[in-house]
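# Structural description and commentary
The lines below spell out each chain.
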Amino acid sequence: MEGLDLPGFRFHPTEEELLDFYLKNMVFGKKLCLDIIGYLNIYHHDPWDLPGMAKNGEREWYFFVPRDRRHGNGGRPNRTTKNGFWKATGSDRKILSLSDPKRIIGLRKTLVFYQGRAPRGSKTDWVMNEYRLPDSRPLPKDIVLCKIYRKATSLKVLEQRAATEEEMKLINASSSSSPLSSLDNMSFSSQQEESVAPVCLHHVVFKTEVEEDICVGKNNTRDEKLKEIKGSSIQLPVGNDKLPELEVPKLSMDWNQDNNFWLNSPWLQSLAQNLAPYANILNF
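As the structure is a prediction and not an experimental result, all values here were calculated from the model.

### Here we look at the overall build of the protein
Within the protein, the regular secondary structure consists of six helices and seven strands. In sequence order, the secondary structure elements of the protein are arranged as α-β-β-β-β-β-β-β-α-α-α-α-α. Of all intrachain contacts in the protein linking residues separated by at least 6 positions in sequence, the fraction that spans at least 24 positions is 58%.

Right under this line is the structure:
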């Protein structure tokens, strides 16, 4: 515990150190010089309460956890909490020694916490890495070492969440304002309908009525109506008297004595003188 108070002390062990030193010594009962990792049944608590129960850690918290099996030593561990459950993702991964790559020093299981009850539940960003020693030989204690942390959210995911929240706000705002706008439109349309003056249709003649009058005829026949239409453009004198005939002046046989008939032309005068002896013959 004295080392934990040293300035700049950070506890960031590797996976090989966690398995081959801390967990191995804990399982076989070897006491550590420093009590850095606490012993706690984390399944009695929700993950957001665990950081305050850890002995050290800022973003990662470590615990020695007893494996609470449902049906004896051969059953599956019970990973259910009060408000949710831990669900495994994928298969276990083998951890190899860096000094001897052929030697398996342990196994790692990754789990995610879900709020609610299995098999349904809402996924959270709390993640756990469970380290255990190989099952090749029986162990005196059924204990695992768990690392708890929150999954880092990428900037892209944060932007998508912010955009989704903005869209939801706009949808809620539009849905809340739509009833008022519809009422305003209804009142405005009603005012417009009241402001329109009534139209008098007593002196309005529709096309259908004219066609009916022409086809059927109430007082006059079709010919009479056509005459009336024509009479409106050309009016003739009314009455039985006939138009006087045009009077054309009659030419008498004494046309040679009518000075008004002849024009003062030398050719006509000479013609008249030549026809003068025959005037008596024409007037027999």
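Next comes the rest of the description.
### Things to note about the confidence of the model for the protein
Looking at the protein, pLDDT values average 74 and 60% of them are 70 or higher. Here residues 187-197 is a poorly scored stretch, pLDDT under 50, and it has zero contacts once near neighbours within four places are set aside; other chains count.

### A short note on the pairing of strand β5 (residues 104-115)
Of all the 12 residues making up β5, nine are buried; the element is thus mostly covered by neighbouring parts of the structure. Judged from the five bridges that link them, strand β3 (residues 84-88) and β5 form a sheet pairing that is antiparallel. Residue pairing for β5: Phe85 is matched across the bridge by Tyr114. For strand β4 (residues 93-96) and β5, the ladder comprises four bridges, and the chain directions are antiparallel. Paired with Lys94 across the bridge in β5 is Leu107. Count of turn residues in the β5/strand β6 (residues 122-132) antiparallel hairpin: six residues, of which Gly116 carries a positive phi of about 110°.

### A few points about the pattern of salt bridges
On inspection of all chains with the given rule, the structure shows nine salt bridges. For Asp20, the salt bridge identified is with Arg103, shortest N-O distance 3.4 Å. Here Arg103 lies in the loop between β4 and β5 and Asp20 lies in helix α1 (residues 15-27), a separation of 83 residues in the sequence. By relative accessible area, Asp20 is classed as partly exposed at 26%. Put simply, Asp125 and Arg150 hold a salt bridge, and the shortest N to O gap is 2.9 Å. Taken as a pair, Asp125 in strand β6 and Arg150 in strand β7 (residues 143-150) lie far apart in primary sequence, 25 residues in all.

### Brief notes about the packing of aromatic side chains
Under the criterion given, the structure shown has seven aromatic pairs. Ring centres of Phe11 and Tyr22 lie 5.6 Å apart, and the angle between their planes is 85°; this geometry places the pair in the edge-to-face category. Remark: Tyr22 occurs in helix α1 and Phe11 occurs in the segment before α1; sequence separation between them is 11 residues. Residues Phe11 and Tyr22 agree in their burial class; the two are buried. When the centroid spacing of 4.9 Å and the interplanar angle of 90° are considered together, the rings of Phe21 and Tyr22 count as edge-to-face.

### Observations regarding α1
Residues of α1 that are buried: Glu16, Leu18, Leu19, Tyr22, Leu23, Asn25 and Val27. Next to the buried residues of α1 lie β2 (60-66), β4, β5, β6 and β7.

### Brief notes about the side chain of Lys147
Within the secondary structure, Lys147 sits in strand β7. In this structure Lys147 is buried but unpaired, with Glu60 as the nearest side chain of opposite charge at 4.2 Å. Beyond its immediate stretch of four places on either side in the chain, Lys147 contacts Glu60, Trp61, Tyr62, Val127, Met128, Asn129 and Tyr131.

### Some remarks on unusual backbone geometry
Most of the time, phi is negative for any residue but glycine, and the peptide bond is trans. In this structure, the amide linkage connecting Ala118 to the following residue, Pro119, adopts the cis form with an omega of 5°. Mapped onto the elements, Pro119 comes out in the loop between β5 and β6.

### So, the side chain of Lys109
Inspection of the secondary structure puts Lys109 in strand β5. A distance of 2.7 Å separates polar atoms of two side chains, one belonging to Lys109 and the other to Asp92. Lys109 has contacts with Arg79, Ala88, Asp92, Met128, Asn129, Glu130 and Arg132, leaving out every residue within four places of it along the chain.

### A short note on the environment of Arg59
In this structure, Arg59 sits in the loop between β1 (38-39) and β2. Given the relative accessible area of 73%, Arg59 is considered exposed. Along the chain, Arg59 and Tyr149 lie 90 residues apart, while their C-alpha atoms are 6.2 Å from each other. Residue contacts for Arg59: discarding those within four places in its chain leaves Ile148 and Tyr149.

The rules behind each value
Residues numbered from 1 in each chain as written. Predicted model: local features only at pLDDT ≥ 70, side-chain atom pairs only at ≥ 80, totals over all residues. Heavy atoms only, no water. Helix = DSSP H or I, 4+ residues; strand = E, 2+ residues; numbered from the N terminus. Contact = heavy atoms within 4.5 Å. pLDDT = per-residue confidence, 0-100. Buried < 20%, exposed > 50% of the residue type's maximum accessible area, 1.4 Å probe, protein only. Pairing = 2+ DSSP bridges. Salt bridge = Lys/Arg side-chain N within 4 Å of Asp/Glu carboxyl O. Phe/Tyr/Trp six-rings, centres within 6.5 Å; stacked < 30°, edge-to-face > 60°. Lys, Arg positive; Asp, Glu negative; His and termini not counted. Polar contact = N/O pair within 3.5 Å; in protein donor to acceptor, adjacent residues only side chain to side chain.

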